[in-house]
Amino acid sequence: MRLLVTGGAGFIGSNFCHYLVGQTDSEVTVLDKLTYAASRESLQGLPSERVSLVVGDICDADLVDRLVDEHDAVVHYAAESHNDNSLSDPSPFIQTNIVGTFTILEAVRKHGVRLHHVSTDEVYGDLELDDPDRFCETTPYNPSSPYSASKAGSDHLVRAWVRSFGVQATLSNCSNNYGPWQHVEKFIPRQITNVIDGRRPKLYGAGLNVRDWIHADDHSSAVWTILTKGEIGQTYLIGADGEQNNLEVIRMILTLMGQPDDAFDHVTDRAGHDLRYAIDSSRLRRELGWRPVYRDFASGLERTIAWYREHEDWWRGHKDSVESAYASKGQ
Ligand code: NAD
Ligand code: DAU
């Protein structure tokens, strides 16, 4: 299969490219604008005869039209992805996540090309801590932040293009990913690299907010499963039963890194901070036979800590500017 992977130089997209090379015989073209969140190095080591990079914008209709026409399927990861940034400036989120997805939809419609649209569990809003229910495919949309609202908008566009124009698309909504090549602005890499640097980890508010962690490799295998076996027009939720509150995660990181588990700071909370995400992925498991490999969060976290220790060259250049920006907001 010749695949066009948008956002393939970002965190999850680059993990997907490594997965494709290791587990399938697909040929891959990455279309990526190389924003601050991307890095060419994340694709280093992949065979050039199977993976190539086109630097460009998913909002560039001519470029997208040409590339889509040359491929059998599009896996669409490209997005502005960080909630905190969307609170400071929503504009690029609207442009890339909504206009960019529209641009891709028009091209796959014109050329009859298969699309898998990658989205987030945040489109469903949040749950109470004691809610016995988890998000499932029929949970109503209720996004909280400019980021999650823009992703919800993109999902609605994909669903409408399937229904109105017969576009051959599937969708997935996944929970919080962790693993290699995640930007140091995000929670887990930020705290790991803080400890490496002798800075104290920073916990928003009381830290009781729950996220449902999944390793990026498991997200990749789920997307491949949906791309190859999923039913057109359907949505699949992806999760690995990894609920942890942020306080527990910071304590685990500190302990795994040989520090006292109270050596962190409480900082200003995120505006509109979602309380809890939790995914019921039983449809994906039951209908398509997918299973996560990383079932033990602590050992996945330990491997991730080792990766950041071994790849300081990869993240070092971003660290000081990320911390200065957070410090200016009291975070
Ligand atoms: P990321 O920010 O690490 O990477 C996004 C990539 O998209 C970057 O390489 C960036 O350069 C590229 N990009 C941004 N704007 C672009 C544009 N206009 N044209 C072309 N490329 C552009 O994000 P991520 O965490 O890897 O997330 C990837 C996708 O997965 C997103 O759609 C996100 O909503 C979704 N998702 C993420 C998570 C998570 O935990 N990180 C969970 C569920 C779903
Ligand atoms: O649920 C899927 C989503 O997960 C994806 O759609 C997003 O693209 C991805 O960024 C992630 O969103 P979150 O906002 O949950 O992730 P983030 O890493 O920013 O924060 C995780 C939690 O940790 C959240 O409750 C906020 C908190 N936090 C974050 C940072 C950066 C802290 O307590 N301290 C921090 O320094």
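This report concerns the structure included in the present document. (Residues numbered from 1 in each chain as written. Chains lettered and ligands numbered in written order. Predicted model: local features only at pLDDT ≥ 70, side-chain atom pairs only at ≥ 80, totals over all residues. Heavy atoms only, no water.)

1. With respect to the pairing of strand 4 (residues 73-76)
Quick note on the threshold: Each residue's exposure class comes from its accessible area (1.4 Å probe, protein chains only) as a fraction of the maximum for that residue type: buried when under 20%, exposed when over 50%, partly exposed otherwise. Helix and strand labels come from DSSP, where a helix needs a run of H or I of at least four residues and a strand needs a run of E of at least two; each type is numbered from the N terminus. In this analysis, strands are considered paired if DSSP registers two or more bridges between them.
Side-chain alternation along strand 4 places A73 and V75 on one buried face and V74 and H76 on a second face that is also buried. As defined by bridge partners, strand 1 (residues 2-6) adjoins strand 4 across four bridges and the pair is classed as parallel. Directly across from T6, in strand 4, lies its bridge partner H76. Taken together, the four bridges between strand 4 and strand 5 (residues 114-120) define a ladder with parallel strand orientation. Bridge pairing in strand 5 links H76 to H117.

2. Here we look at the site of ligand 2
What counts, and what does not: Nearness of a residue to a molecule or strand requires only that one of the residue's heavy atoms be within 4 Å of it. Under the rule applied, a polar contact is a pair of N or O atoms within 3.5 Å (in protein, one hydrogen donor and one hydrogen acceptor; residues adjacent in sequence only if both atoms are side-chain atoms). Here the Shrake-Rupley method, with its probe set to 1.4 Å, supplies the accessible areas, and only the displayed protein chains count as covering residues. Think of it as three bins: nonpolar holds Ala, Val, Leu, Ile, Met, Phe, Trp, Tyr, Cys and Pro, charged holds Asp, Glu, Lys and Arg, and polar takes everything else, Gly as well.
In the neighbourhood of ligand 2, 25 residues make up the surrounding shell, with T120, D121, Y147, R270 and H273 lying closest. Take Y204: an N or O atom from its main chain is 2.9 Å from an oxygen atom of ligand 2. Bound to the protein, ligand 2 loses 95% of the 690 Å² it would expose on its own. For the shell around ligand 2, the elements supplying multiple residues, two or more each, are helix 6 (187-196) and strand 8 (202-204). When its residues are assigned to classes, the shell around ligand 2 shows seven nonpolar, ten polar and eight charged.

3. Some words on the pattern of salt bridges
In plain terms, the rule: The salt bridge criterion pairs a side-chain nitrogen of Lys or Arg with a carboxyl oxygen of Asp or Glu, the two atoms within 4 Å.
The final tally for this structure, using the stated rule, is 20 salt bridges. Among the salt bridges present, the one from R190 reaches E323, with a minimum N-O distance of 2.9 Å. You can see R190 sitting in helix 6 and its partner E323 sitting in helix 11 (residues 312-328), a full 133 residues away along the chain. Here the two residues R190 and E323 agree in accessibility, since each one is buried. In the salt-bridge network here, residues are joined through shared partners; they are D197, R199, E312, R316 and D320.

Purely geometric stuff here, so don't read any function into it on its own.
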